[in-house]
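Fold and contact review
Chain by chain, the residues run as shown.
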Amino acid sequence: MSTVSLQKIKKVYDKDVVAVKEIDLEIKDKEFLVFVGPSGCGKSTTLRMIAGLEEISGGRLYIGEDIVNYVESKDRDIAMVFQNYALYPHMTIFDNMAFPLKMQKMAKNDIKQRVEKAAKILQLEDYLKRKPAALSGGQRQRVALGRAIVRNPKVFLLDEPLSNLDAKLRVAMRSEIVKLHRQLGTTFVYVTHDQTEAMTMGDRIVVMNAGKIEQVDTPENLYNYPKTKFVAEFIGSPQMNILKTKLVATEEGLAVMIQQKPVLLGKAIEKKINRDSVGKEIYFGIRPETFTIETASKNNTIDVYVDNIERMGSDTHVFFEVEGAEKELVARIEPYYQVSYGDAIRLSLNMNEVYLFDAETELTLIQKESIIETTMVY
């Protein structure tokens, strides 16, 4: 079983700098799990502790049934792929891929078979006699993956492997790595700061912030049911709009104060609100795609001035300011709307697709149930 279990794992550096704060996590057999978060959140440090490249300051780490806290990296039956490829420039592609097997003193015929099999999977058969300098960035990354594949490890660890590639190649390599995971049928643990990579690749995603886990869930659940304000803002592009306001009770129902007027919550949302928060300051969140432009006077609308416009082809991003927001808000609208800088526009809010968070704890106030389960395809 290629499971990985982190039990109260923490990492403390000199001078009591806590990089990882006693995290608990169960990584399933054959799962593609992605760690995502901003720089310095502890995701790479966690991966390096799994790999045995960082000493664990506290807690227990299991790979399969074995505690590996004090097991050397080479004896953990894992393979790691780095963002800088870490290829030997003086060796051929064949020798680069064969290197870990030679270190294990494997028989030459077995090495040849394993390297050729990995090269076929990665479409590198025609490049085995070349050296890394003769290959493109994408091909070099395939070689780094091949060097991991030949070891037949229990667990693959990938630390931002696509960050050195251009945007077009990153998209192609994302698909290749997901296909590779399905072909090999083993456990992949992947670290990235790019939430698009995380959302498109992972069976489950671990969102980290300041050394702790904010939420572990499927991509769908992270997007639709964020448990904290941080997750809500981090997952989604453009980011969720957030403004600080107050939750109030009116004769028509619960509402949030926007532009000094109550905007009623949708009935589906109102049923799931913790009533203890009525009358208190909260964070109100709404995604850019849930705005629509209105021409008539309607309930649940706001009047704003256009500060900036980004025309993306398939849609248009319109930026505007609202009192209580930490930064400019953005609406994603259909491209056929003709709007210009400085225009006064009326936006309708879909109040059944909003998010509310406690102003102090930043935890969700909406008691939604996650209905999307983890599904893994091999």
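Now for a look at the structure at hand. (Residues numbered from 1 in each chain as written. Predicted model: local features only at pLDDT ≥ 70, side-chain atom pairs only at ≥ 80, totals over all residues. Heavy atoms only, no water.)

Here's the deal with the sheet that holds strand 11 (residues 241-250)
Put simply, the rule is: Pairing between strands is defined by DSSP: at least two bridges between the two strands are required. Numbering goes from the N terminus for both helices and strands, where a helix is a DSSP run of H or I of at least four residues and a strand is a run of E of at least two. Axes here refer to lines fitted to C-alpha atoms; in helices the fit is confined to the stretch in contact. Angles between the N-to-C directions go from 0 to 180 degrees.
Pairing is antiparallel in the open sheet, where five strands are placed in the order 13-12-11-14-21. A single partner strand is all that each edge strand has here, and the edge strands are strand 13 (261-264) and strand 21 (354-358). Averaged over all pairs of adjacent strands, the angle between their axes in this sheet comes to 45 degrees, without regard to strand direction. Where strand 12 (residues 253-258) lies against strand 13, four bridges are found, and the strand directions are antiparallel. Among the inter-strand pairings, Met257 is bridged to a residue of strand 13, identified as Pro262.

A short note on the side chain of Gln139
Our working rule: What qualifies as a polar contact is a pair of N or O atoms within 3.5 Å, subject to a donor-acceptor requirement within protein and to the restriction that residues adjacent in sequence count only when both atoms come from side chains. The contact definition used throughout considers only heavy atoms, calling two residues in contact when any of these lie within 4.5 Å.
For Gln139, the location among the structural elements is in helix 4 (residues 137-149). Of the polar contacts made by the side chain of Gln139, one reaches the backbone nitrogen of Ser136; its length is 2.9 Å. Not counting residues up to four positions away in its chain, the partners in contact with Gln139 are Leu124 and Tyr127.

Topic: helix 2 (residues 93-103)
The cut-off we apply is this: A 1.4 Å probe rolled over the protein chains alone gives each residue an accessible area, and that area as a share of the maximum for its type sets the label: buried under 20%, exposed over 50%, partly exposed in between.
Of the positions making up helix 2, those classed as buried are Ile93, Asn96, Met97, Ala98, Pro100 and Leu101. Immediately downstream of helix 2, the backbone of Lys105 shows phi near 60 degrees, a positive value.

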